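Letter by letter, the chains look like this.
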Amino acid sequence: LGVLALGGPCPPRERLLPDNSVTRVCCVVGDADPYAPHAALAAALAKYPPRSPAEGVHVVQGMEHEVTETSVAKGLAFLSSLLRDTAPI
(Lines give C-alpha, C1' and ligand atoms only; values in the text may rest on other atoms or scores of the structure.)
Protein backbone atom coordinates (compact mmCIF):
# COMPACT_ATOMS: atom_id res chain seq x y z
CA LEU A 1 0.00 0.00 0.00
CA GLY A 2 1.50 3.31 -1.05
CA VAL A 3 0.23 6.83 -1.44
CA LEU A 4 1.65 9.27 -3.96
CA ALA A 5 0.56 12.85 -3.47
CA LEU A 6 0.75 14.93 -6.62
CA GLY A 7 0.80 18.63 -5.85
CA GLY A 8 0.77 21.61 -8.14
CA PRO A 9 0.72 23.99 -9.74
CA CYS A 10 1.78 21.97 -12.74
CA PRO A 11 0.27 19.84 -15.47
CA PRO A 12 -0.45 16.19 -14.61
CA ARG A 13 2.78 14.21 -14.23
CA GLU A 14 1.78 11.27 -16.41
CA ARG A 15 5.26 9.72 -16.27
CA LEU A 16 4.73 9.12 -12.55
CA LEU A 17 1.52 7.16 -13.20
CA PRO A 18 2.12 3.42 -13.55
CA ASP A 19 0.57 1.38 -16.34
CA ASN A 20 -1.06 -1.49 -14.50
CA SER A 21 -4.41 -2.89 -13.49
CA VAL A 22 -4.00 -2.72 -9.72
CA THR A 23 -3.43 1.00 -9.14
CA ARG A 24 -6.30 2.72 -7.37
CA VAL A 25 -6.74 6.47 -7.59
CA CYS A 26 -8.56 9.22 -5.76
CA CYS A 27 -8.11 12.73 -7.12
CA VAL A 28 -9.92 15.65 -5.50
CA VAL A 29 -9.81 18.85 -7.53
CA GLY A 30 -11.86 22.01 -7.67
CA ASP A 31 -13.73 23.16 -10.74
CA ALA A 32 -12.41 26.66 -10.02
CA ASP A 33 -8.76 25.61 -9.59
CA PRO A 34 -6.64 27.77 -11.93
CA TYR A 35 -3.52 25.61 -11.44
CA ALA A 36 -4.84 22.04 -11.70
CA PRO A 37 -7.35 21.84 -14.55
CA HIS A 38 -9.87 19.15 -13.68
CA ALA A 39 -10.39 18.07 -17.31
CA ALA A 40 -6.65 17.41 -17.77
CA LEU A 41 -6.49 15.47 -14.50
CA ALA A 42 -9.53 13.40 -15.42
CA ALA A 43 -7.98 12.59 -18.80
CA ALA A 44 -4.64 11.61 -17.27
CA LEU A 45 -6.29 9.37 -14.68
CA ALA A 46 -8.90 7.81 -16.98
CA LYS A 47 -6.80 4.65 -17.27
CA TYR A 48 -7.64 3.88 -13.63
CA PRO A 49 -11.37 3.11 -13.54
CA PRO A 50 -13.00 3.60 -10.13
CA ARG A 51 -13.76 0.39 -8.24
CA SER A 52 -15.72 2.11 -5.50
CA PRO A 53 -17.43 5.45 -4.85
CA ALA A 54 -14.31 6.62 -2.98
CA GLU A 55 -12.14 6.23 -6.10
CA GLY A 56 -11.85 8.28 -9.27
CA VAL A 57 -11.67 11.99 -9.98
CA HIS A 58 -13.89 14.05 -7.69
CA VAL A 59 -14.52 17.58 -8.97
CA VAL A 60 -15.71 19.85 -6.16
CA GLN A 61 -17.91 22.72 -7.28
CA GLY A 62 -16.52 26.14 -6.39
CA MET A 63 -13.28 24.81 -4.90
CA GLU A 64 -10.08 26.55 -5.93
CA HIS A 65 -6.47 25.38 -5.35
CA GLU A 66 -6.98 24.69 -1.65
CA VAL A 67 -7.53 22.03 0.96
CA THR A 68 -11.09 22.02 2.25
CA GLU A 69 -13.16 19.88 4.60
CA THR A 70 -14.67 18.26 1.50
CA SER A 71 -11.31 17.36 -0.04
CA VAL A 72 -10.02 16.00 3.27
CA ALA A 73 -13.19 13.93 3.76
CA LYS A 74 -12.94 12.44 0.26
CA GLY A 75 -9.25 11.64 0.74
CA LEU A 76 -9.88 9.99 4.11
CA ALA A 77 -12.76 7.96 2.66
CA PHE A 78 -10.40 6.71 -0.05
CA LEU A 79 -7.66 5.77 2.42
CA SER A 80 -10.20 4.06 4.67
CA SER A 81 -11.49 2.00 1.73
CA LEU A 82 -7.94 0.94 0.87
CA LEU A 83 -7.25 -0.14 4.44
CA ARG A 84 -10.51 -2.11 4.58
CA ASP A 85 -9.71 -3.84 1.30
CA THR A 86 -6.14 -4.75 2.30
CA ALA A 87 -6.74 -5.71 5.94
CA PRO A 88 -5.75 -9.28 6.82
CA ILE A 89 -8.62 -11.68 7.31
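In this text the structure is predicted, and so the values were computed from the model without any measurement.

Conventions and cut-offs
Residues numbered from 1 in each chain as written. Predicted model: local features only at pLDDT ≥ 70, side-chain atom pairs only at ≥ 80, totals over all residues. Heavy atoms only, no water. Helix = DSSP H or I, 4+ residues; strand = E, 2+ residues; numbered from the N terminus. Buried < 20%, exposed > 50% of the residue type's maximum accessible area, 1.4 Å probe, protein only. Contact = heavy atoms within 4.5 Å. Areas by Shrake-Rupley, 256 points an atom, 1.4 Å probe, with all protein chains shown as cover. pLDDT = per-residue confidence, 0-100. Polar contact = N/O pair within 3.5 Å; in protein donor to acceptor, adjacent residues only side chain to side chain. Core = buried A, V, L, I, M, F, W, Y, C linked by side-chain atoms within 4.5 Å. Pairing = 2+ DSSP bridges. Right-handed = clockwise from strand over helix to strand, strands pointing away.

K.L.:
Describe the overall build of the protein, and please don't skip the residues or the numbers.
P.N.:
Check the secondary structure of the protein and you find 2 helices and 2 strands. The helix and strand sequence of the protein, counted from the amino end, reads β-α-β-α. Looking at the protein as a whole, 24% of its 89 residues qualify as buried. By sequence separation, contacts in the protein at least 24 residues apart represent 74% of the contacts at least 6 residues apart. Put simply, the protein shows about 6,100 Å² of open surface, and 59% of that area lies on carbon and sulfur atoms.

K.L.:
Lay out the confidence of the model for the protein with the relevant residues and their values.
P.N.:
Considering every residue of the protein, the mean pLDDT works out to 85; 84% of them sit at 70 or more. Mean pLDDT across the elements of the protein ranges from a minimum in helix H2 (residues 69-86), with 90, to a maximum in strand E2 (residues 56-60), with 95.

K.L.:
Residues and numbers for the side chain of Glu55, please.
P.N.:
Inspection of the secondary structure puts Glu55 in the loop between helix H1 (38-44) and E2. When its relative accessible area of 4% is taken as the criterion, Glu55 is described as buried. Separated by 2.6 Å, the side chains of Glu55 and Arg24 make a polar contact. A polar atom in the side chain of Glu55 sits 3.3 Å from the backbone nitrogen of Arg51.

K.L.:
Could you give an account of the nonpolar core, with specific residues and numbers?
P.N.:
Counting 9 residues, the largest nonpolar core is built from Leu17, Val25, Cys27, Val29, Ala36, Leu41, Ala44, Leu45 and Tyr48. For this core, the elements supplying multiple residues, two or more each, are strand E1 (26-30) and H1. Not counting residues up to four positions away in its chain, the partners in contact with Leu45 are Leu17, Val25, Cys27 and Val57.

K.L.:
Got a sec to walk through the pairing of E1? Specific residues and values, please.
P.N.:
Sheet topology places E1 next to E2; 5 bridges connect them, and they run parallel. Of the residues in E2, the one forming a bridge with Val28 is His58. Crossover E1 to E2 through H1 is right-handed.

K.L.:
Mind laying out the environment of Arg51, listing which residues take part and the relevant values?
P.N.:
You can see Arg51 is positioned in the loop between H1 and E2. We classify Arg51 as partly exposed; its relative accessible area is 47%. Considering only alpha carbons, one finds Arg51 and Val25, 26 residues apart in sequence, at a separation of 9.3 Å. Aside from chain neighbours lying at most four places away, what touches Arg51 is Ser21, Val22, Thr23 and Arg24.

K.L.:
Run through the environment of Leu82, naming residues and quoting values.
P.N.:
With respect to the element layout, Leu82 can be found in helix H2. Its relative accessible area of 7% is what places Leu82 among the buried residues. Sequence separation between Leu82 and Arg24 is 58 residues; the distance between their C-alpha atoms is 8.6 Å.

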